[in-house]
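Residues per chain are reported as follows:
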Amino acid sequence: TVLVDELTKQAADLAIAFEAAGERMLRGRTQPLVTWRATRVVAERGGQGRAQGVEPPFIGRAEELRILKDQLHATGRDGRARLVTVLGAPGLGKSRLVWEFSKYADGVTEDIFWHVGRSIPYGDGIAYWALGEMVRRRAGIVDAEPEVSARRKLADVVRRFVPDPVEADWVELNLSVLLGISGAASGERDELFAAWRRFFERIADHGTAVLVFEDLHWADQGLLDFLESVLEWSRSHPILVVGLGRPELIERRPGWGMGGRSTITLHLEAVAGTGMADLVRGTVPGLPPDAIESIAERSEGVPLFAVETIRMLLDEGRLVREGERFRLVDPDVPFAVPPSLQALIAARLDALDTDERSLLQDASVLGRTFATRALAAVHGADEAAVEAALFALARKELVVRDTDPRSPERDQYGFVHGLVRDIAYGRLSRHDRATRHLAAARYFEGLDEEELSGVLASHYLDAWRATPEGDQGAVLADRARAALRAAAERAMTLHANAAAVDWFEQALAVTNDPAERAVILLRMSEPAEASRGFLEGMRYLRGAIAWYEAQGDVATTDEALIRLVRSHIMAFDPREARRLIAPVVERLAAGPATVTAAAAYNEYARTFLFTSDYVEGLRQLEPGLVIAERLGALVTIAELLTTKAWALSGLGRLREGGALAMGGLELAEQTDSTATMLRARMNASNWYCEEDPRRALDLASGGVELARRIGHGDWAAGLSSNAALAALLTGDWDRILTLREELDGEHLSAVSRFALHAWSWVVDAYRGMDMTGTLDGPIALGRGDDGTTQTQGVLPAVTAYVHFASGDLEHVAESAIEAYRQYPELEGQSALLVAARAAILLRDRAAVRRILEVMPFGSRPGGRWLTTRLALIQSALDLLDGGDTDMTHAYPAAIGTFRAMGLTAEVAFTQLELVALGGDTLADRQALLDEAVGILRSLGVRPLIDRLAALGLLRERVVPATEERLSTAAGRAASG
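Because the structure is a prediction, the values reported are computed rather than measured. (Residues numbered from 1 in each chain as written. Predicted model: local features only at pLDDT ≥ 70, side-chain atom pairs only at ≥ 80, totals over all residues. Heavy atoms only, no water.)

This part covers the pairing of strand β7 (residues 325-328). Along any regular strand the residues' side chains alternate between the sheet's two faces. Of the two faces of β7, the one lined by Phe-326 and Leu-328 is fully buried and the one lined by Arg-325 and Arg-327 carries no buried residue. Taken together, the four bridges between strand β6 (residues 319-322) and β7 define a ladder with antiparallel strand orientation. Paired with Leu-319 across the two strands is Leu-328, which belongs to β7. The loop that links β6 with its antiparallel partner β7 comprises two residues; one of these, Gly-323, has a positive phi angle of about 70°. (Buried < 20%, exposed > 50% of the residue type's maximum accessible area, 1.4 Å probe, protein only. Helix = DSSP H or I, 4+ residues; strand = E, 2+ residues; numbered from the N terminus. Pairing = 2+ DSSP bridges.)

Here it is, written out as structure tokens:
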């Protein structure tokens, strides 16, 4: 045994030397060598417990392997990221498929950088565990590596692949957070993700990077978020992500693997036809045909079942090997195959002697893989004796040893299959589970490694679950609670919000002290809001506030109430927010100047702005600004400036409001406050919709991406509404639909889902979708009576747009006027402009006049886009009334303005208005129509074009040479 171990280690060291030599030759532009790649196979997959000769042939998965090979080469050839997910029940051969794929990858001449990591089954997943395992493997950081050595290895591997020193420092810092050898992240989750992606992107600069994630069904939500971010943000890099999981992955993550052409999902089914017989025949050549048929039939297409049956026969001595062939010791004695795979594995475990079975059950407490010293601690035995026993179990192919020199788990053991571990664990009594989990917890506690906080917490929790009553249960509950809170805090340092909430909820389950429960509720409200939406965050906040109020803790209650009010506002419930915050403001106004007081004034003011009471909102802001400036509270100043920008814009002081909006955004970015940056982008993009919609689209889209990267769906949905309204003008309609597809999820509030979907319905209508039932369907009604003029005005505004897009021009005005009366700001104004456009295309001067009576031209200053549109409406009315307005100047000038602003859709619609107003006397009429219709057709417009054709607006006409009225101006419009 000692000799074999030593030879294995020497082979691994030799493999590293060969690989280093090969890479030096590659850097020296020498022809790549297949030889050193073959040695890597020895290093990574040597000692896998296959020495018994029970190596099944690769049967029934040739098509899946071909797809993996094709995706590997396509990734390198196209330089684009791809995802292949392999789903299948236990025992169907997922791991074997990828093992064969890895052998193939080792043999190709292209540069392939192979990474593998496994998610572990603790709680709902330890945050980013598999990703950390990949980085450790790439850096050569082994289990329990001293921190100094780990930092050095990490720095070396980062600088090997990341040439820029500044970028390398940034990547190294954020990778050290992932590995738990640094403190909390300095930025938000988006920065962590960006740095981690950059590491693999830089590796991919040297050759195709393959990332294999095993047991993806146990992965935390944060890891799945990261993988989706790789496909989106690293799509221009040759990175192939391969995920192995059970079908329940789709239950945990609906829509996984449905991201378009860059994703493929392979569903492994049972091996059909003669495949199982071929597998048995190839595994144990020489077995009689009737025995082969018996094993194959009982296996029911599950390869692991057949292999375990053969291992059982070997264990029992009924099957022996002679040279390269096998024979049954007594062919005349029939053998019984257990009725299920689980029963078969259980029978193999029962056949072990008592010490071996006990050791295997102790190992099952530690998980799929385990260190010898950890098992020795749980088993209460000498490490050398445990090592010898594990070697014997490896010969029986129940466990395997990891001899990969790059693996962080080098020299550790693991179960040959997850089912073996599950069945061994299931046969432990509650008392034995409690004892062993407690021993495991004490072992991991002694390691004092932050990255293992989730593992430690799970062991204490499982020990408590097995012994929940009595004094010992109380002690275990205390230890579990402390460990679970530490695991939640670790998850929060990684911005793994969903995982943090899971750990906190488990901590609540073992917490009876009301004071500690209040602390946990208050702490978990932030990650809950980010990962599950405002309503969940508010639920935890209310629980904490109730306790602090009862205790008379005014300061903590006020701070928590301000957070609750902010959530109510973001959930579009300003009246309830005002009811909550008013007494807080009154009380704080009588006390000393504090940051809490300034923040309370800000939230109080916002409750008025959401109901369009701009005067009162502005009045409430001023005391807060004075306090914040006096205290130098930059984040609060940025918040107050952002709110004041909204109030001033609502009062018609548009330029002043716009300057404050951008100033608030700049200050927010300086403070690195994500929440403030999101608010500032929301308000600034709202203001820019009137002035410069393309700029508004950029600001809102940046906010959407920021919200997505920190995992805040409600913020992303809200900002997407601003982005969509601007995109309707710029012609970026596909982006609207993409946002709807990417952001819709179960954690969105009803109001946020409505905001996300509303403007996308306009695009659907433009493209000919039947909107019957949509505008009064569950999503539209789900916004509820939230008490805000803003959201109540959106639905009739969208309805007006949908009427227009569907070609129902006569019914646009009614909905638009209702929208403006509900919310006489951007959404309402925009709807009236669409109604005016419909009336102009119909040449209905009464309808145009009515719209201008509702929103008089010049009633308030507006941005460049809005004032240009209003001026056109006034010009159109004058012309329809028979006046002498110089339309020949107004419309071409507006078209030129919109073209310069990049408002593609506005250019087309304004050209159509010009054609409708100019009639048959308009020179270059056909050129204008050709461009306008070409733009609209490229955007996918269908029913509106059909309606305009029915009105006769799109008919062709040859203009006589003598008709020159408007020709010069129209020519300028067509040419830009």
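The next thing to look at is the sheet that holds strand β10 (residues 413-415). Reading across the sheet, the three strands line up as β8-β10-β9 and stay open at both edges, with antiparallel pairing between neighbours. Because the sheet does not close on itself, it has two edges, and the strands there are β8 (369-370) and β9 (399-401). Across three bridges, the pairing between β9 and β10 is antiparallel. Across the sheet, the residue bridging to Arg-401 is Tyr-413, located in β10.

Right, let's talk about the packing of aromatic side chains for a bit. Tallying each qualifying case throughout the model produces 20 aromatic pairs. A centroid spacing of 6.0 Å and a plane angle of 90° characterise the contact between Tyr-128 and Phe-193, whose relative ring orientation is edge-to-face. Here Tyr-128 is found in the loop between β2 (112-118) and α5 (129-139), whereas its partner Phe-193 is found in helix α8 (residues 189-204), with 65 residues between them in sequence. Exposure class is identical for Tyr-128 and Phe-193. Each is buried. Considering the side-chain rings of Phe-370 and Phe-415, the 5.7 Å spacing of their centres and the 65° angle between planes classify their relative orientation as edge-to-face. Highlighted residues: Phe-370 in strand β8 and Phe-415 in strand β10, separated in sequence by 45 residues. Relative accessible area serves as the criterion here: at 2%, Phe-415 is assigned to the buried category. By way of ring pairs, the aromatic residues Tyr-128, Phe-193, Trp-196 and Phe-226 are connected into one cluster. (Phe/Tyr/Trp six-rings, centres within 6.5 Å; stacked < 30°, edge-to-face > 60°.)

For the structure on display, the rule yields 65 salt bridges. A salt bridge links Arg-348 to Glu-308; the nearest nitrogen and oxygen atoms lie 2.7 Å apart. Here Arg-348 is found in helix α14 (residues 341-350), whereas its partner Glu-308 is found in helix α13 (residues 303-315), with 40 residues between them in sequence. Take Arg-348 and Glu-308: they sit in the same class, and that class is buried. When salt bridges with common partners are traced through the structure, they connect Glu-167, Arg-198, Glu-201, Arg-202 and Asp-205 into a single cluster. (Salt bridge = Lys/Arg side-chain N within 4 Å of Asp/Glu carboxyl O.)

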